[in-house]
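Listed below are the residues making up each chain.
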Amino acid sequence: MIRQGKGKTPRRPPPKKPSSNQKDPVGVYCRVRPLGAEDNECCIEVISSTTIQLHAPEGFKTNRNGEYKETQYSFKKVFGVSVTQMELFEHVAKPLVDDLIHGKNGLLFTYGVTGSGKTFTMTGSPGQGGLLPRSLDMIFNSIGPYQAKRYVFKTDDKNGMEVQSEVDALLERQRRENNLPVPKTTSSRQKLDPEIADMIKAEEACKGDGMDEDSSYSIFVSYIEIYNNYIYDLLEETQEDVIKPKWNGGGTPVRQNTEFIPPQSKILREDQNHNMYVAGCMEVEVKSAEEAFQVFWRGQKKRKIANTRLNRESSRSHSVFIIKLAQAPLDADGDNILQDKSQVTVSQLCLVDLAGSERTGRTGAEGTRIREAGNINQSLLNLRTCIEILRENQMCGTNKMVPYRDSKVTHLFKNYFDGEGKVRMVVCVNPKADDYEETLLVMRFAEMTQEVEVARPVDRPICGFTPGRRNRNQAFKEELSRRLEERGGPIDRDVSSVINHLVHSLPPLPSSELTDPHDDITLPRLIEALQNRHRIRQMMIEEYNKAANMLKSMIQELDSNFISKDNFIHEQNGKLVEKDKIIQANKADIERLEKKTKMQEHKIDILQKTTKIYEDDKRSLQQELETRGHRLQRELSEKRRMEQRMHGVVTDTQHKWEKECERRVNAMQLEMQNKLWVKDEKLKQLKAIVTESKTPGRPDPPPRQTQPQRPSREERLPAKRSASPSPAPTVPPVRPLHRRSRSAGGEKWVDHKPTSNLDLGTVFQPVITNAIQVSAPSEKALSKCDRYVLTHQEVASDGEIQTKLIKGEVIKTRGGGQAVQFTDIETLRQEVTSVPGRKRKSSEGAPNNGDQPDGAWTDVETRCSVAMEMRAGSNMGPGFEHHGITKRRKP
């Protein structure tokens, strides 16, 4: 079963507006104000009439290259410090005023940081009028002769305009003047405020061209401000500073406790044509430029301004001055305004003075000023966001929603960006170096705004009446007055005066008083006078009939001429319609081709992006291939170096072991020679004993000496000799120290001594020069040195502590670290000698002279008093004579 979807309320279709395929970019102009007297450094330079350049001031952050970054920005036109207000108006505001007179809308706003001259550009000063007073002057100079009487045009409070007759307008004027407590003069010659007098010089006045003489015009102005995102009417007659006391429960006012009644904020509404307007806003009809500027100045005095650190009169709100021009065609006679509301055309020009963006840190704002600055910056940020999304939608073909409703400024003027009129912006900049950062942001926003395009407004339809009606009506009245003057008739157009003149031109009637019933003279005389007057009247009627027939023929002739001209106009209109159809068809073809072009451009962009991606992939793959090739080459070279190194290591090891084997063979031979020498010594000792016992005159040795104790003494004797070489070590040596250490050549060592090592107090201590002593190795210490030595202590087999110095070379690894390759080991050992407990005394009858026999030399006590040290390969051997000093005997 298919469930039926819930129905939605249909959206009201927008009104059908004539579409325009032609678009114009937003016109952005730049104006540079003069540098202040207290400012020394300038950061802006005008390069040409369309380009400016920004210089980073001294001490400002530089770019990555360490150089001052200079940026250039282009505008439709750049106005330097020497440009006058008149030249600025000629280029910026005058085209918008021309469009206003011809029924088109326009928007002009000033933008910039605080203190950059926005209010001066818009308003000006006495003798140097800004864009606003010059626009008003040009409007009234153009429509002056064609203005309608006051109150003929009347607003309907729904952003529309109504037309009423001159009689109703007169009654409306009397009613309004009666309602006012103090009647105000509306003359344009009233006394002006001295602050706004002589804003424009007489020689600077200008006038628009191409005015429609068959229409009547009227100007309405309104002035609002947007303060803290609320809309207030500056022309309201309410008192803003009325003090309202607070009341307590007893019905009496509380002393010293008052509050101000804030003005009532206005709301935005949408009219039947989907145009935004301020509901309830006061619109004042003005008849001269002086009166209009007087109204503006009355509202300007109510605008929110404050004194900040950067600007003595800083605008705290966005001000919008709206000039609304209502025009309606004259009737067929060219005498009165056509009473048809559908024929009324309303166009408006909005002059906006935006508040300047500011940083609270520089302005020194506090309290309410911080809140005002936050709201100002937020509204300007929303304006930038709307411009960015409009630009993205137009350039990328997207359809993102533009957040107009986030701010009152953008919500009020959204119709202009949708194609309801031209949009122009004047960017005001201050060249001082302190505003460089804010000016940089303003330049970027202005450059982005130039890329937004707005649809060109279409021309208003032409009324179907014959053009030149006003001039023909005026010419007819002048001709009638001239002919009446030639005939002696009245020149004025009053009908009663014409009738009185005709009556007085007839002959006077005789006296018609009858005193006698038989009077036969008065009646015949009266009859004769009446017949005479009747004859004169007939003659006048005939004359007037002739003139009427002549005028009728002239009118018929003119009508025939007009009909022929109308036929010609109809033919031309038919041709124009055909041309319009051809133009529409061409426009449709152009639009279709533009869409096709955009589609092709989109495809080209996609293909270009795809090509770029493929090129990037190709470039990355080539780089990866080159990287891997280099890595392979490095690995191959590393492999070759490793092979050569291993071959060298094998050769060194082989050579080392050959030397080691040779050393061991030599040591073994030396050991055997020492053993033979020991045996020879034993034999000599035995021979000496035997010889001593056989010597005559010498007493026999005591019996205890004949005991067989010598073998044990002789067995211990070789163990006590220091000349005997030590047995071969069980651990193969790493590298013989047969050469001088390379540390003598300036190499640096890492001396690693653990904290657990003991101080043995020996005379010989390992001392390494040019070394860094550490208790634990670190990467930082290894990176600074070339050699490494570890001091290691362990217990030997005889119970004594021996010290080993394990040496190595520091090698840098491929990953950027360090590794140690051990090469040598040095062993430091300490031995403690023990004295035997038993001592054999020599014979008591031994001679005391210096000629001692060999037995004295070989006696145990005598031999223990002499130490002998031998090294492997020494020339000392058996039969080498040692002359020692005998040990003194105890008495």
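So, here's what we can say about the structure. Model, not experiment: these values are computed from the prediction.

## Considerations on the side chain of Thr803
- Structurally, the position occupied by Thr803 is in strand 28 (residues 801–812).
- Not counting the four nearest positions on each side in its chain, Thr803 is found in contact with Leu760, Thr791, His792, Gln793, Glu826, Thr827 and Leu828.

## Here's the deal with the sheet that holds strand 29 (residues 818–829)
- Spatial ordering of the open sheet is given by 26-25-27-28-29, a layout of five strands whose pairing is mixed. Looking along the sheet, the strands with just one partner apiece sit at the ends: strand 26 (771–774) and strand 29. Recorded for the sheet is a direction-independent mean angle of 25° between the axes of neighbouring strands.
- One ladder, built from nine bridges, connects strand 27 (residues 787–795) with strand 28; its direction is antiparallel. Within strand 28, the residue paired with Gln793 across the bridge is Thr803.

## Some remarks on the sheet that holds strand 5 (residues 70–74)
- A sheet is described by the order of its strands in space; here three strands give the open sequence 3-4-5, paired in antiparallel fashion. Bordering the open sheet on either side are strand 3 (44–46) and strand 5, each of which pairs with just one other strand. Sheet twist, expressed as the average angle between the axes of neighbouring strands with direction ignored, equals 25°.
- In the packing of helix 11 (residues 436–449) onto the sheet, contacts are made with strand 3, strand 4 (51–55) and strand 5, and the angle to strand 4 comes to roughly 150°.

## Observations concerning helix 2 (residues 94–101)
- All of the buried residues along helix 2 are Leu96, Val97, Asp99, Leu100 and Ile101.
- Phi turns positive one or two residues past the end of helix 2, at Gly103, with a value near 85°.

## Some words on the pairing of strand 13 (residues 230–233)
- As defined by bridge partners, strand 12 (residues 215–227) adjoins strand 13 across four bridges and the pair is classed as antiparallel. In the sheet register, Ile224 faces strand 13, and the bridge partner there is Asp233.
- In sequence, strand 12 turns back onto strand 13 through a hairpin of two residues, with Asn228 there showing a positive phi of about 55°.

## Section: a nonpolar patch on the surface
- Taken together, Phe476, Leu480, Met550, Leu551, Met554 and Ile555 make up a surface patch of nonpolar side chains, about 530 Å² in accessible area.
- Broken down by element, the residue count for the nonpolar patch peaks at four residues, all from helix 14 (residues 522–693).
- With respect to the helices and strands, Phe476 occurs in helix 12 (residues 469–486).

## Remarks on the packing of aromatic side chains
- For the structure on display, the rule yields nine aromatic pairs.
- Between Tyr111 and Phe445, the ring centres sit 4.8 Å apart and the planes meet at 45°, which makes this aromatic pair tilted. On the criterion of sequence distance, the pair formed by Tyr111 in strand 7 (residues 105–112) and Phe445 in helix 11 is long-range, its members being 334 residues apart.
- Members of the aromatic cluster, each reached through a chain of ring pairs, are Tyr223, Phe293, Phe296, Trp297 and Phe321.
- The positively charged end of Arg384 is found above the aromatic ring belonging to Phe445, 6.0 Å away from the centroid.

## Notes on unusual backbone geometry
- We note that Tyr151 has phi near 75°; this positive angle belongs to a residue other than glycine.
- Structurally, Tyr151 is set in the loop between helix 4 (131–143) and strand 10 (153–155).
- Positive phi, normally seen in glycine, also occurs at Asp157, with a value near 65°.
- You can call Asp157 exposed: its relative accessible area is 67%.

## Remarks on the pattern of salt bridges
- The final tally for this structure, using the stated rule, is 26 salt bridges.
- One salt bridge connects Asp589 with Arg592, and the closest N-O pair in it is separated by 3.8 Å. Here Arg592 and Asp589 lie together in helix 14, a separation of three residues that amounts to about one turn.
- Across the pair Asp824 and Lys807 runs a salt bridge, and its minimum N-O distance is 3.9 Å.

Conventions used here
Residues numbered from 1 in each chain as written. Predicted model: local features only at pLDDT ≥ 70, side-chain atom pairs only at ≥ 80, totals over all residues. Heavy atoms only, no water. Helix = DSSP H or I, 4+ residues; strand = E, 2+ residues; numbered from the N terminus. Contact = heavy atoms within 4.5 Å. Pairing = 2+ DSSP bridges. Axes fitted to C-alpha atoms, helices over the stretch in contact; angles between N-to-C directions. Buried < 20%, exposed > 50% of the residue type's maximum accessible area, 1.4 Å probe, protein only. Patch = residues over 30% accessible without salt bridge, like charges linked within 9 Å, V, L, I, M, F, W, Y side chains within 5 Å. Areas by Shrake-Rupley, 256 points an atom, 1.4 Å probe, with all protein chains shown as cover. Salt bridge = Lys/Arg side-chain N within 4 Å of Asp/Glu carboxyl O. Phe/Tyr/Trp six-rings, centres within 6.5 Å; stacked < 30°, edge-to-face > 60°. Lys NZ or Arg CZ within 6 Å of the ring centre and 35° of its normal.

Take it as geometry only, folks, not as evidence of what the structure does.
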